[in-house]
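Observations on the three-dimensional arrangement
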Amino acid sequence: MNLTRLMALGILARSGPSHGHHIRRVADVTNVGEWSGVSVGALYRELRAMEREGLIEAARTEKVGNRPERTVYAITAEGQLELTTLREQAIRPLGSGPDPLGVALLFAADGMEPEELRRTLRARREMLAIAVAQVAADREQLIAKGCIDVLAAAVMQRAVMTTEAEIRWHDELDAALAAAGGGDAPAAVSGGSPLALSEGSFDIAAPRLAAFELTAEEPGAASADEARRDGGK
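These lines cover the structure that appears in this document, whether it is placed above or below. (Residues numbered from 1 in each chain as written. Predicted model: local features only at pLDDT ≥ 70, side-chain atom pairs only at ≥ 80, totals over all residues. Heavy atoms only, no water.)

In terms of regular secondary structure, the protein chain is built from 10 helices and three strands. Listing each helix as α and each strand as β along the protein chain from the N terminus yields α-β-α-α-α-β-β-α-α-α-α-α-α. Counting across all 233 residues of the protein chain, residues that qualify as buried make up 24%. In the protein chain, once contacts between residues fewer than 6 apart in sequence are set aside, the share between residues at least 24 apart is 59%. Total accessible area on the protein chain stands at roughly 16,000 Å², and carbon and sulfur atoms take up 55% of it. (Helix = DSSP H or I, 4+ residues; strand = E, 2+ residues; numbered from the N terminus. Buried < 20%, exposed > 50% of the residue type's maximum accessible area, 1.4 Å probe, protein only. Contact = heavy atoms within 4.5 Å. Areas by Shrake-Rupley, 256 points an atom, 1.4 Å probe, with all protein chains shown as cover.)

What follows is the structure, given as structure tokens:
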């Protein structure tokens, strides 16, 4: 999903012909690069790419004072189709994206000292707290100035609420790790044994694997029943 392209096409469709500086300004005002995955730094490269693909076209050039000339872009019919497609792709999915933190905690955290793990997670938590405070402050300021509409305010609030939920998760995990008492591995949930990746890992999948082995045979291998039948001939 090219979110930078979705943003730029959406602004052109909504605001009419605009130059890259205007699109960049809208991105900066909404702080979209901080919470959305939009690569604001790639905006001008994306505009040139979309022009080559016929999604936008140069409507005119403008020059203000001693500033360099600016190309004013307009969205084309092909660009409108692309916008519709990208919008549908962005709105419909319910799944989340890749989770590198989850992978690291599930498969690699046991190589860290407990206190080192807690320090690392607390540092991440503080970075999230700083970021969400900035987005929340920007949102309130933009609302007060009348710079954003209801949808823009709601989108920024969604980003704030999502990050706040992540911060609460960090706090709960830190409390759980503290309750583990500094052992060599995280405490198990509800008194069970901790998941040991090095010894009999993922035993929960063993019954399914065993069932598979009973039905899936190597090419050319005879089943036990076939062997008995052949032996009785």
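Met-7, Leu-9, Ile-23, Leu-47, Met-50 and Ile-56 are the most contacted members of the largest nonpolar core, which has 20 residues in total. Elements represented by at least two residues in this core include exactly helix 1 (3-15), helix 2 (20-29), helix 4 (43-52), strand 3 (70-75) and helix 5 (77-91). Take this core: its biggest share by element is six residues, from helix 1. Those residues within four positions of Leu-9 in sequence are excluded, and the remaining contacts are Met-50, Leu-55, Ile-56, Ile-75, Gly-79, Glu-82, Leu-83 and Leu-86. Membership of the second largest hydrophobic core comes to nine residues, among which are Leu-128, Leu-142, Ala-153 and Val-160. (Core = buried A, V, L, I, M, F, W, Y, C linked by side-chain atoms within 4.5 Å.)

A few words on a nonpolar patch on the surface. On the surface, Val-103, Leu-106 and Phe-107 cluster together into a nonpolar patch covering about 280 Å² of accessible area. Relative to the assigned elements, Phe-107 resides in helix 6 (residues 100-107). (Patch = residues over 30% accessible without salt bridge, like charges linked within 9 Å, V, L, I, M, F, W, Y side chains within 5 Å. Salt bridge = Lys/Arg side-chain N within 4 Å of Asp/Glu carboxyl O.)

Here strand 1 (residues 18-19) pairs with strand 3 via two bridges, running antiparallel. Residue pairing for strand 3: His-19 is matched across the bridge by Val-72. (Pairing = 2+ DSSP bridges.)

Attention now goes to the sheet that holds strand 3. Taken in spatial order, the three strands of this open sheet run 1-3-2, and their pairing is antiparallel. Both outer strands of the open sheet, strand 1 and strand 2 (56-62), are each paired with one neighbouring strand and no more.

Bringing the pattern of salt bridges into the picture now. Using the criterion set out here, one finds 14 salt bridges in the structure. A salt bridge links Asp-28 to Arg-24, with the shortest nitrogen-to-oxygen separation between them at 3.3 Å. Of this pair, Asp-28 and Arg-24 are both found in helix 2, four residues apart, which corresponds to roughly one turn of the helix. Residue Arg-125 pairs with Asp-171 through a salt bridge whose shortest N-O separation is 2.8 Å. A residue pair is termed long-range when its members are at least 10 positions apart, and Arg-125 in helix 7 (residues 114-145) and Asp-171 in helix 8 (residues 150-179) qualify at 46 residues.

Before going further, it helps to spend a moment on the packing of helix 2 against helix 4. At a closest axis distance of 10 Å, the pairing of helix 2 and helix 4 adopts a crossing angle of 130°. Compared by their axis directions, helix 2 and helix 4 come out oblique. Between helix 2 and helix 4 lies a crossing whose hand is right-handed. Seen from helix 2, the contacting residues are Gly-20, His-21, Ile-23 and Arg-24; seen from helix 4, they are Leu-43, Tyr-44 and Leu-47. In terms of residue class, the contact of helix 2 with helix 4 is made up of four nonpolar, two polar and one charged. (Axes fitted to C-alpha atoms, helices over the stretch in contact; angles between N-to-C directions. Parallel < 35°, antiparallel > 145°, perpendicular 65-115°, else oblique. Left-handed = near helix turned anticlockwise from the far one by under 90°. Nonpolar A, V, L, I, M, F, W, Y, C, P; charged D, E, K, R; others polar.)

Our next topic: helix 4. Taken together, the buried positions of helix 4 are occupied by Leu-43, Glu-46, Leu-47, Ala-49 and Met-50. For helix 4, the angular spread of the buried residues around the axis is 165°, confining them to a single face. Across from the buried face of helix 4, at angles greater than 90 degrees, the exposed residues are Arg-45 and Arg-52. Summarising the contacts, the buried residues of helix 4 are in contact with helix 1, helix 2, strand 2 and strand 3. Of the residues one or two after helix 4, Gly-54 is the one with positive phi, at around 80°. (Arc of directions from axis to C-beta.)

This next bit is on the packing of helix 1 against helix 4. Put simply, helix 1 and helix 4 touch, their axes get as near as 10 Å, and they point 75° apart. If you check the angle between helix 1 and helix 4, you find them roughly perpendicular. Counted together, Thr-4, Arg-5, Met-7, Ala-8 and Leu-9 of helix 1 and Leu-43, Glu-46, Leu-47, Ala-49 and Met-50 of helix 4 form the full contact between these two elements. Of the residues belonging to the contact of helix 1 with helix 4, the class tally is seven nonpolar, one polar and two charged.

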